[in-house]
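Here's the letter readout for the chains.
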Amino acid sequence: MASLKIPANVPLPEEDSEQLHKAFKGWGTNEGMIISILAHRNAAQRSLIRAVYAANYNKDLLNELDKELSGDFERAVMLWTLEPVERDAYLAKESTKMFTKNNWVLVEIACTRPALEFFKAKQAYQAHYKTSLEEDVAYHTSGDIRKLLVPLVSTFRYDGNADEVNMKLASSEAKTLHKKITEKAYTDEDLIRILTTRSKAQIMATLNHFKDKFGSSINKYLKEDSEDEYVQLLKTAIKCLTYPEKYNEKVLRRAINKVGTDEWALTRVVTTRAEVDMERIKEEYLRRNSVPLDRAIANDTSGDYKDILLALIGHDHT
């Protein structure tokens, strides 16, 4: 469920394009106008605005935004304006670059997106970067981390639903996972195969069996070795596959509570989840922190950057 409230009387993309064109003209950019338009349009509407803008002004809207804006505000607007699959392709590329290697983001994208959406993001990646995501992940990782990440980004995981779960299989694979984790065989092929290929519904059933049978969640079992990067990635994959709103709440909490905000993480979660499950993330944030997410963001950010984040999470005060 999206938290964006799109009013019924949304202007036509022609009008939006014209207003954006005006916002770029003159001495200063009209940032408020940019927020009032782009932050209140859904993905299909933003795509139309880009197409109309290119047709009417013979310019790429993203290039115009890039020229006119700067800093964290620019990054938020640019990420938001991209098609969701283009955005994921860009985030994945940023994560595989040698100097900015960020394996968490790769796990996040591979495990929280529906299978077809992730597949389309990989197609966008190939079209834009002339290489495959699998190839780049294999190149930029090594050892155990490569052993986990390559299958995670390679699999076309069946989305599945609760009605299609094989309970007998869930029970037997829960035992397999418990055995491997108790032996600290975290890189075992069966363990990796279960987590990288089973549908989310099947994994959820397996992990519920695990908890019922062995008294604690799988991540509690993994906690004692959580300093290890591989184990942390394993835990991240499990959280993203089963409770993405809890994972995203934690990313936001850490981004906001850090000494000096982690704007990159904050921007990434808000722009990628605003149209997906932001309401659930906000509920989880309030439950976990006793502070509404909009207040936490407002206290930690300022200016146009603050305004666009608040608009995207559905608390528009502009």
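Quantities reported herein were computed from a predicted structural model and do not represent experimental measurements.

1. With respect to the UniProt feature "binding site: Ca(2+) 3" (unreviewed entry) in the protein
So, point 1. This chain's UniProt record puts "binding site: Ca(2+) 3" (unreviewed entry) on Ala 298.
So, point 2. Summarising the element assignment, Ala 298 is placed in helix α19 (residues 293-300).
So, point 3. Once you skip the residues sitting within four places of it in the chain, Ala 298 turns out to touch Lys 306 and Leu 310.

2. Brief notes about the UniProt feature "binding site: Ca(2+) 1" (unreviewed entry) in the protein
So, point 1. Using the residue numbers shown here, the UniProt feature "binding site: Ca(2+) 1" (unreviewed entry) corresponds to Phe 24, Gly 26, Gly 28, Glu 68, Ile 256, Lys 258, Gly 260, Asp 300 and Thr 301. These residues run over 278 residues, and the two farthest C-alpha atoms among them are 38.2 Å apart, placing them at more than one spot. Of the annotated residues named above, the ones that line the largest pocket are Lys 258.
So, point 2. The topology assignment puts Gly 28 in the loop between α1 (13-24) and α2 (31-38).
So, point 3. Using a relative accessible area of 47% as the deciding quantity, one classes Gly 28 as partly exposed.
So, point 4. Mapped onto the fold, Asp 300 is located in helix α19.
So, point 5. In this structure, Asp 300 is in contact with Ala 255, Ile 256 and Thr 261, ignoring residues within four places of it in sequence.

3. Some words on a nonpolar patch on the surface
So, point 1. Residues Met 98, Phe 99 and Tyr 139 make up a contiguous nonpolar surface patch of roughly 460 Å² in combined accessible area.
So, point 2. Along the chain, the position of Met 98 falls in the loop between α6 (84-96) and α7 (103-112).
So, point 3. Residue Met 98 is classed as partly exposed on the basis of its relative accessible area of 46%.

4. Regarding unusual backbone geometry
So, point 1. Unusually for a residue other than glycine, Lys 130 sits at a positive phi of about 55 degrees.
So, point 2. Mapped onto the elements of the fold, Lys 130 is located in the loop between α8 (115-129) and α9 (133-140).
So, point 3. Assessed through its relative accessible area of 70%, Lys 130 is described here as exposed.
So, point 4. Of note in the backbone geometry, Ser 290 takes a positive phi value of approximately 55 degrees without being a glycine.
So, point 5. When you line up the elements, Ser 290 lands in the loop between α18 (278-289) and α19.
So, point 6. Here Ser 290 falls in the exposed class, since its relative accessible area comes to 61%.

5. Some words on the environment of Gln 126
So, point 1. Position of Gln 126 relative to the elements: it lies in helix α8.
So, point 2. Given the relative accessible area of 41%, Gln 126 is considered partly exposed.
So, point 3. Sequence-wise, Gln 126 and Lys 93 are 33 residues apart; in three dimensions their C-alpha atoms are separated by 10 Å.
So, point 4. Excluding anything up to four places from it in sequence, Gln 126 contacts Thr 131 and Ser 132.

6. Focus on empty space enclosed by the protein
So, point 1. Tallied over the entire structure, the rule returns 2 cavities of 30 Å³ or more.
So, point 2. Here the largest cavity is characterised by a volume of approximately 70 Å³.
So, point 3. For the lining of the largest cavity, the elements supplying multiple residues, two or more each, are α7 and α8.
So, point 4. Lining the second largest cavity are Asp 88, Ala 89, Ala 92, Ile 109, Phe 118, Ala 121, Lys 122, Tyr 125 and Leu 133.
So, point 5. Sorting the residues of the lining of the second largest cavity by element identifies α6 and α8 as the ones contributing at least two each.
So, point 6. In terms of residues, the lining of the second largest cavity owes the most to one element, α8, which gives 4 residues.
So, point 7. Within the lining of the second largest cavity, the residues separate by chemical class into 7 nonpolar, no polar and 2 charged.

7. A short note on the packing of aromatic side chains
Within a pair of aromatic rings, the relevant descriptors are the distance that separates the centres and the angle that separates the planes.
So, point 1. Within the structure shown, the criterion is met by 6 aromatic pairs.
So, point 2. Look at Phe 119 and Phe 156: their rings are 5.7 Å apart centre to centre, the planes differ by 80 degrees, and that puts the pair in the edge-to-face class. Residue Phe 119 is found in helix α8, and its partner Phe 156 is found in the loop between α10 (143-154) and α11 (167-182); the two are separated by 37 residues along the sequence.
So, point 3. Judged by its relative accessible area of 37%, Phe 119 falls in the partly exposed class.
So, point 4. Considering the side-chain rings of Phe 210 and Phe 214, the 5.3 Å spacing of their centres and the 65 degrees angle between planes classify their relative orientation as edge-to-face. On the criterion of helical spacing, the pair formed by Phe 210 and Phe 214 is a turn pair, its members being 4 residues apart in helix α13 (residues 200-214).
So, point 5. The structure contains a cluster of three or more aromatic residues connected by ring pairs, namely Phe 24, Tyr 53 and Tyr 57.
So, point 6. Across from the ring centre of Trp 80, 3.7 Å away, lies the NZ or CZ of Arg 46, which sits over that ring.
So, point 7. Note that Lys 246 overlies the ring of Tyr 243, its terminal NZ or CZ placed 4.7 Å from the centroid.

Reading the values: rules and limits
- Residues numbered from 1 in each chain as written.
- Predicted model: local features only at pLDDT ≥ 70, side-chain atom pairs only at ≥ 80, totals over all residues.
- Heavy atoms only, no water.
- UniProt positions renumbered as here; feature names shortened; annotations may be inferred.
- Helix = DSSP H or I, 4+ residues; strand = E, 2+ residues; numbered from the N terminus.
- Contact = heavy atoms within 4.5 Å.
- 1 Å grid on protein atoms, 1.4 Å probe; cavity = no way out; pocket = protein on both sides within 12 Å on 5 of 7 lines; lining within 4 Å.
- Buried < 20%, exposed > 50% of the residue type's maximum accessible area, 1.4 Å probe, protein only.
- Patch = residues over 30% accessible without salt bridge, like charges linked within 9 Å, V, L, I, M, F, W, Y side chains within 5 Å.
- Areas by Shrake-Rupley, 256 points an atom, 1.4 Å probe, with all protein chains shown as cover.
- Salt bridge = Lys/Arg side-chain N within 4 Å of Asp/Glu carboxyl O.
- Points joined across faces, edges and corners; volume = space filled by probe spheres on them.
- Nonpolar A, V, L, I, M, F, W, Y, C, P; charged D, E, K, R; others polar.
- Phe/Tyr/Trp six-rings, centres within 6.5 Å; stacked < 30°, edge-to-face > 60°.
- Lys NZ or Arg CZ within 6 Å of the ring centre and 35° of its normal.

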